[in-house]
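One letter stands for each residue in the lines below.
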Amino acid sequence: MLSVAIVGPGLVGGALIEQLVAYSKSPRFSSLPIAIVGLINSKKMAISTTFASADLDSWKDKVLGSSAASADLTSFVDQLSALPAPVALVDCTSSDSVAEQYPEWLSKGLHIVTPNKKGFSNDYGLFKKIQQLSSAPEGPSVYHEATVGAGLPVLSTLNDLVRTGDKIIKIEGIFSGTLSYLFNNFSVPGAASSFSECVSVAKASGYTEPDPRDDLNGMDVARKVTILGRVAGLDISTDTLPVENIVPEALRSVATADEFMNRLPEFDAHFKNLNEQALASGSVLRYVGMVDGQGNQSSVKLAKYPLDHPFASLKGSDNIIAFTTERFPNPLIIQGAGAGAAVTAFGIFSDIIKIAERFGTRSSSAKI
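Trainee: Lay out the side chain of Ser298 with the relevant residues and their values.
Mentor: By the element assignment, Ser298 lies in the loop between β9 (283-292) and β10 (299-306). Non-local contacts of Ser298, meaning those with residues more than four positions away in its chain, are made with Ile236, Leu241, Pro242, Met290, Val291 and Asp292.

This is the structure we're talking about:
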């Protein structure tokens, strides 16, 4: 039995709970049992080895309702580390302070699964410490597939390439579902919508952050590029990575998202000019992150790609990642939905299953 506890069960965590409850009712459960034993949010927490499916179906009220204990993450972790079965602690927050606790969790023998990018893209020393503490075959382990491609097998593919001794030449991709959607609609032959109109539609459709500048500044892509570079063995940081912020400079400091949206049409001519230059050369604009495995040219920027390039034919909000290696001179390409609660939860669940397969039959005596 692998026990699972979730920190910050919001949209993604809720989708994960749904998938784990469905799994508990499937034939697969008997051969690889996985059970939720703990939930904690900013206000409440609960730990039990006997949560009923019906309670987990309504976890907001029945598990983390008014009668639940007050949230105390330190106590929560201590109680989990005392359980007899192996525990996978799933961090569904985007918190820096939570990610900084990963080394402590690992030292208590807890496995970690997370879509939180902060522990792997912030301080390089923290990344190396997490890597060191999770490197022993007997565990504990850390899996974070969902930090880069949600449910797409991006990090697992990269890890396989690295472990088998392939030489990474370049990793290039469209890593943001938001920016994929924007430029797939804005920069395409025959498109008539202005850039601000595309941003407005994307925001209304739920593709962007509440403040679209959080997507357009490129930092989410920069974190993903940093994670890929570090997994590939590079000493790379968001502090030194060249990142093109496509938010017009005059709008970077406006007070609210509404003011930003109201003023964005003032800069439609700028984006129209960039787009027309690209189209005139038989190309389109795409916002791309690149890991240079052979030098120091990793970057995050708006770039032009010819119409016959795989990046140019992308549809909707899909992500696409191309690995160019010594063994794959013609790139190995992964493409598909790179965002959304269900696919992100799938990526987390897939990592949980990996831990269950490796450690799920071990007792607490196997913990470090």
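Trainee: Tell me about the pairing of strand β8 (residues 168-174), residues and numbers included.
Mentor: Most of β8 is tucked away: 5 of the 7 residues are buried. With 6 bridges joining them, β8 and strand β11 (residues 318-325) adopt antiparallel strand pairing. Residue pairing for β11: Gly173 is matched across the bridge by Ile321.

Trainee: Account for the pairing of strand β5 (residues 87-91), naming residues and giving values.
Mentor: β5 sits mainly inside the fold: 5 of its 5 residues count as buried. Strand direction decides the pairing type here: strand β1 (residues 2-7) and β5, joined by 5 bridges, are parallel. Looking at β5, one finds that Val7 is bridged to Asp91. When β5 meets strand β6 (residues 111-113), the two strands line up parallel, connected through 3 bridges. Bridge pairing links Val90 to Val113 in β6.

Trainee: How would you explain the packing of helix α12 (residues 177-186) against helix α13 (residues 195-204) if you had to name every residue and give the values?
Mentor: α13 packs onto α12 with a crossing angle of 135 degrees between their chain directions and a minimal axis gap of 10 Å. Classified by the angle between their axes, α12 and α13 sit oblique to one another. Pair α12 / α13 crosses with right-handed handedness. Here Tyr181, Leu182, Phe183, Asn185 and Phe186 of α12 come into contact with α13, specifically with Phe195, Cys198, Val199, Val201 and Ala202. Residue composition of the contact of α12 with α13, by class: 9 nonpolar, 1 polar and no charged.

Conventions used here
Residues numbered from 1 in each chain as written. Predicted model: local features only at pLDDT ≥ 70, side-chain atom pairs only at ≥ 80, totals over all residues. Heavy atoms only, no water. Helix = DSSP H or I, 4+ residues; strand = E, 2+ residues; numbered from the N terminus. Contact = heavy atoms within 4.5 Å. Buried < 20%, exposed > 50% of the residue type's maximum accessible area, 1.4 Å probe, protein only. Pairing = 2+ DSSP bridges. Axes fitted to C-alpha atoms, helices over the stretch in contact; angles between N-to-C directions. Parallel < 35°, antiparallel > 145°, perpendicular 65-115°, else oblique. Left-handed = near helix turned anticlockwise from the far one by under 90°. Nonpolar A, V, L, I, M, F, W, Y, C, P; charged D, E, K, R; others polar.

Keep in mind these values describe shape, not function.
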